[in-house]
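Take a look at the letters that make up each chain.
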Amino acid sequence: MADTKANPGQSKQGLLLDIRNLRIEATVYPPGEAPKNIVLVHDVSLTLEKGKVLGLIGESGAGKSTIGLSSMGYGRGGVRITGGEVILNGRDILKTGKDGFRKLRGREVCYVAQSAAAAFNPAHKLMDQVVEATLLHGTATRAEAEKRAVALFKKLSLPNPETIGERFPHQVSGGQLQRVMTAMALCSEPDLIVFDEPTTALDVTTQIDVLAAIKDAIRDTHVAALYITHDLAVVAQVSDEIMVLRHGRLVEWGGTRQIIKEPRQEYTNALVSVHEIEHAEQKPGTAPFLSVKNVTAAYGRSHIKVLKNVSVDIYPGQTLAVVGESGSGKSTLARAITGLLPPEEGTVTFDGRPLANRLADRPKEDLRQLQMIYQMADVAMNPRQTVGTIIGRPLEFYFGIRGRERDKRVAELLDKIEMGKGFVDRYPAELSGGQKQRVCIARSLAAKPKLIICDEVTSALDPLVAHGILKLLLDLQKEENVAYLFITHDLATVKSIADSIAVMYRGEVVRYGPKSTVLTPPFDAYTDLLLSSVPEMEIGWLEKAIKGRRMASAGN
Amino acid sequence: MLDIKRIPIPALIGIVLTALFVLAAIFAPWIAPHGNAEIIGDVWEPMSAAHWLGTDNLGRDLLSRMIYGARITLFIAVLATALSFSLGAILGFSAAVFGGWYDTLLSRLVDLLMSIPTLIMGLVVLSVLPTNLVTLILVMGILDSTRVYRLSRAVAVDINVMDYVEAAKLRGEGSGWIIFREILPNALSPLVSELGLRFIYAVLFLSTLSFLGLGVQPPDADWGGMVKENKDGIVFGIGAALIPAAAIAMLAISVNLVADWVLNRTTSLKGGRG
Amino acid sequence: MSSPILKLIAQRIALGIVLLLAVSVLIFAGTQILPGDVAQAILGQSATPESLANLREQLGLNAPAYVRYFHWLGGVLVGDLGTAMSSGQDIATSIKGRLWNTLFLAFWAAIVAVPLAIILGLIAVRYRNGWVDKLISGLALASTSFPEFFIGYVLVYFFAVKWQIFPGISTVYDGMPFGERMQAIALPATALTLVVLAHMMRMTRAAILNVMQSAYVETAELKGLSAFNVIRKHAFPNAIAPIINVVMLNLAYLIVGVVVVEVIFVYPGMGQYLVDHVTKRDVPVVQAVGLIFAAVYITLNIIADIAAIIANPRLRHPK
């Protein structure tokens, strides 16, 4: 937040938080083995001045949430702080004991969780929960606290700020709850707020609103913050400084501009450049091999159409990206094409002839030509089958290849996905997230299909791992001349991989064409909103994006 | 693969005791010092070197009757469990995979059967049926199969919506592959531990019926029946009835310990769930 | 209270009534599955054809089954449960006093068992994975493996025979003073309590643990609330519904326990009445008592469901 410095007279100077050589451990209980200690955070030190924002960034398992919660003396699920000092407002809080923790929690330090929907008690009204900490610590009367809360609701641009406190958590949308939780953290006027991935669970167009609201609130209240996220572009918008963590160790710590413009460590550089994949757009060929024509579909007997008159074409060896937010119908399109959800109207033609609507009516050869890869690789593989069986089954099933010949082909496929022969006898549980997804790719390649449908295949992965998967998919496309139908909510991914793009909104295709055309203005209102909502790794992007918007996001 | 040292002590105790009971049941005629119905002394003689557990209400050797009782108890409980398990699992799996009216019909029927406590329904039916081993096994097996049905259906429904099953369907696999290669291997560990619990329940149910005079008929007696035979001694301070009652409790605890361990072990196997 | 909730509750009650009707069919059908017929079963193989025909006439067995069912059901609905074959007495009259006795016994068992189970469950959660928790879990495992009569006779052996504190046979009669009556039911009530306690405690523990592990409890801790206030203000309001559910389901389980316990202590209640008449193959009594047990069981289940509906804030405050 470089711009807060424009008003230095108001920012409180001085050291707020000083964490020295923090060491955090946990005991794990591996089944059938003796319990053992693992170190989650290795001697990490950091300082934070009053009114400043420090972004903690890293992949899963980096220890960023654990460090954030240590500023409140809190260890989640048996996590223990075993070394170092946490000096807050001039005293080591680790020495103050349980009573000391209770006095600082909710008063000096407040917490905003990733899922506000789960973090609010379903049994109480929002207002009661928002003012609870303030009343508990006796910093204001109930009337004052409520007045303060309503003012915060207004500041965070919540609808009906006067009355929203009377509602129960389940009566308010996810994006709004996230803001109410921010108001709850600000209400007791703490010195520090720990934001733990506060926008990660939100749709991209909602995220930008919540992000902007949080940023404004931080600026106006001069509260300091630890902002924890895995998304460097997001943290670049709100932080003064960024700390990069990996496996519980410090990688790099510097000013926001330095980290994103001149990273000094290789790992930071990899995080910064993660979205940069060069992929020249291929021009559509002469004839598509798969055409979706005017498809309309609904679940069950409900008459709510999840797909409305959708038409797209896929060309051999090319990638069609289908982009949209949750509820846009993008995954339903995949189900309609595969026959899992027979369309009510419209047809899917393959190689010039119509495909049977229902999965059960399709011949084996048609099934072979359309393969699918899922978002959650660990539930897409039978945990009781080895990698060899998982990859080998399509070979047996479609081509009747068995025995040594099959093993040879499995080895070749493992080689293609950049995994060695040693993985043949492993079970899915023994693989990392990225390796699991690679095995799923190999399984679909084994069928030698013309089209692979990729349903959010990188969404559950850490950025660097996802990057590797995308590169692999592009390489394989060149080698095997396979087409992809790439379903995603992440526009950055789309830019890296697509040849043509279909933007979906509430069951309809609102924009469709070659990548270069779709991503070139003039835009329709929704595409504009979607494109402008994707965080860019650039300081000041957030303000520009908010200013330039023409349409309010749907689910804030 | 199975290292005895790695078995936790409670499970080890469970295995040893269960094995003892099973051995006693199998080799009853060779182990028992006296015949099952042989009267060898006075009524309710105390424990002695000649009769380790004393004698029963008719002057029969209690130890011998306990050993024969193990045979009857285990025999009926095993058969009833086998029946309830195969019936419940087959119907439960098929209901989950085929769905539709077949599933609805079976599930409603099971709901109905389970809305009456098993013991009450058992008593109602036994009030008109002839009392013999076949009826007993059928009644116990069928009534208890409702619980196995619920569990297997729930487990199979959970697995049936997993992406890997969808992937198999998309590949074009038939229902044979889907049931036996995709669903069954993943359903085994919850089912195996349920097998132990169902067996315990069968033992307890049988004992209760016999205790109420509706199970195994004299002169044969399972342990529950022996409690009934000797219960009148209690008020005179004669503990003969407590011995078969304690045996039932011990068998149930042993099997419980083994079932607990099996459940923990199988879920931590390679490729376990999660 | 809002109308969607009333609608859900009405639906649940209606479903319960349908279920009860279906259960009455099942119980009636359950007594018709005999190879041969009831008259044969009562009189045995040596019965003369005349006596068989007489008995069939007397029992109305010559009418088709569905006619007999509706006749029986019609009687039940106006409180006429028929006559016992073995004694010729009116069933409804015989049941009245016994039903009261059984409810009295079950009531006192529940009064002890429910708070005890909840307190033990809370203690187990408070010290979870500690030795107290392990001890409680171990005892729970053991007592779910004990047959009811083992618990019952151990109590009799020590409390009635060795130490002679309470009577081993629970004689009660009309007009018995309350104190004496309580002393008479001390042992059966204890046995019943032990029968349901372990299970109820384990389920309570699981229900509370489930709530304690939710994110909003963490939020409360991070506001600086004391452990006691976290439980009182945030965990407890959400744990009520599952706990009521646990309690109701286990009270239903009490019904099964009561049958055996009454036989052990020769207590003049419904359970013993049922078992006696099953042995005598007195079908009308078995049908009547079976239906009453099923009705109580179903009612408890409905109450459990309704409690869950009322305690759910999503249903209480719809969007």
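Structure first, text after, so check above.
Scoring rules and cut-offs
Residues numbered from 1 in each chain as written. Chains lettered and ligands numbered in written order. Predicted model: local features only at pLDDT ≥ 70, side-chain atom pairs only at ≥ 80, totals over all residues. Heavy atoms only, no water. Helix = DSSP H or I, 4+ residues; strand = E, 2+ residues; numbered from the N terminus. Polar contact = N/O pair within 3.5 Å; in protein donor to acceptor, adjacent residues only side chain to side chain. Contact = heavy atoms within 4.5 Å. Pairing = 2+ DSSP bridges. Axes fitted to C-alpha atoms, helices over the stretch in contact; angles between N-to-C directions. Buried area = accessible area lost by both parts, 1.4 Å probe. Salt bridge = Lys/Arg side-chain N within 4 Å of Asp/Glu carboxyl O. Nonpolar A, V, L, I, M, F, W, Y, C, P; charged D, E, K, R; others polar. Parallel < 35°, antiparallel > 145°, perpendicular 65-115°, else oblique. Left-handed = near helix turned anticlockwise from the far one by under 90°. Buried < 20%, exposed > 50% of the residue type's maximum accessible area, 1.4 Å probe, protein only.

Participant: Would you explain the side chain of A:Thr338 in this entry?
Facilitator: Among the structural elements, A:Thr338 can be located in helix 12 (residues 330-338). Within the structure, the side chain of A:Thr338 is placed 3.1 Å from the backbone oxygen of A:Arg335, a separation counted as a polar contact. Aside from chain neighbours lying at most four places away, what touches A:Thr338 is A:Leu359, A:Arg362, A:Met372, A:Ile453 and B:Leu170.

Participant: How do you make sense of the sheet that holds strand 17 (residues 451-455) of chain A when you look at a structure like this?
Facilitator: Adjacent strands of a sheet form backbone hydrogen bonds with each other and so pair up, either parallel or antiparallel. Residue and element names in this part refer to chain A. Strand order in the open sheet made by the six strands is 16-17-18-13-19-20, with mixed pairing throughout. Looking at strand neighbours, the two that pair on one side only are strand 16 (370-373) and strand 20 (508-514), the edges of this open sheet. Adjacent strand axes in the sheet meet at a mean angle of 15° when their direction is disregarded. Here helix 16 (residues 433-446) sits on the sheet in contact with strand 16 and strand 17, set at roughly 175° to strand 16.

Participant: Is there a simple way to explain the pairing of strand 4 (residues 79-88) of chain A in this structure?
Facilitator: The two faces of a sheet get side chains in turn, since along a regular strand they alternate between them. Residues and elements named next belong to chain A. Two strands pair when backbone bridges link them, and strand 1 (residues 15-28) and strand 4 are joined in this way by eight bridges, in the antiparallel orientation. Residue pairing across strands places Leu17 opposite Leu88, the latter belonging to strand 4. Summarising the sheet, strand 4 and strand 5 (residues 91-92) pair through two bridges and their orientation is antiparallel. Each residue of the ladder has a partner; that of Ile87, found in strand 5, is Asp92. Taking the residues between adjacent antiparallel strands as the criterion, strand 4 and strand 5 are bridged by two residues, where Asn89 takes a positive phi near 50°.

Participant: Would you explain the interface of chain A and chain B in this entry?
Facilitator: Quoted interface sizes are often the accessible area lost when the parts come together. With 26 residues of chain A in contact, the opposing surface of chain B contributes 23 residues. Interface of chain A and chain B: buried area, both sides summed, is about 2200 Å²; carbon and sulfur atoms make up 56% of it. The three residues of chain A that bury the most area against chain B are A:Tyr374, A:Arg384 and A:Arg393, which together make up 29% of that side's buried surface. Applying the counting criterion to the chain A and chain B interface returns two salt bridges. Here A:Arg335 and B:Glu166 are joined by a salt bridge, their closest N and O atoms 3.3 Å apart. Seen at the junction of chain A and chain B, the total is ten residue pairs in polar contact (both at pLDDT 80 or more). In the side of chain A that touches chain B, the residues fall into 16 nonpolar, five polar and five charged.

Participant: Where do I start with the packing of helix 5 (residues 91-126) of chain C against helix 10 (residues 227-264) of chain C in this structure?
Facilitator: Relative placement of two packed helices is described by the angle separating their axes and the distance separating the axes. Residues and elements named next belong to chain C. Taken N-terminus to C-terminus, the directions of helix 5 and helix 10 make an angle of 135°; their axes are 10 Å apart at the nearest point. Between helix 5 and helix 10, the crossing angle belongs to the class labelled oblique. Crossing geometry of helix 5 relative to helix 10 is assigned as right-handed. Of the residues in helix 10, those in contact with Thr102, Leu105, Ala106, Ala109, Ala110, Val114 and Ile118 of helix 5 are Ile243, Val247, Leu251, Leu254, Val258 and Glu262.

Participant: Even after reading the chapter, I still don't get the environment of B:Ile26, so can you show me in this structure?
Facilitator: Residue and element names in this part refer to chain B. One can find Ile26 in helix 1 (residues 9-26). Judged by its relative accessible area of 45%, Ile26 is partly exposed. Placed 44 residues apart in sequence, Ile26 and Ala70 show a C-alpha to C-alpha distance of 8.8 Å.

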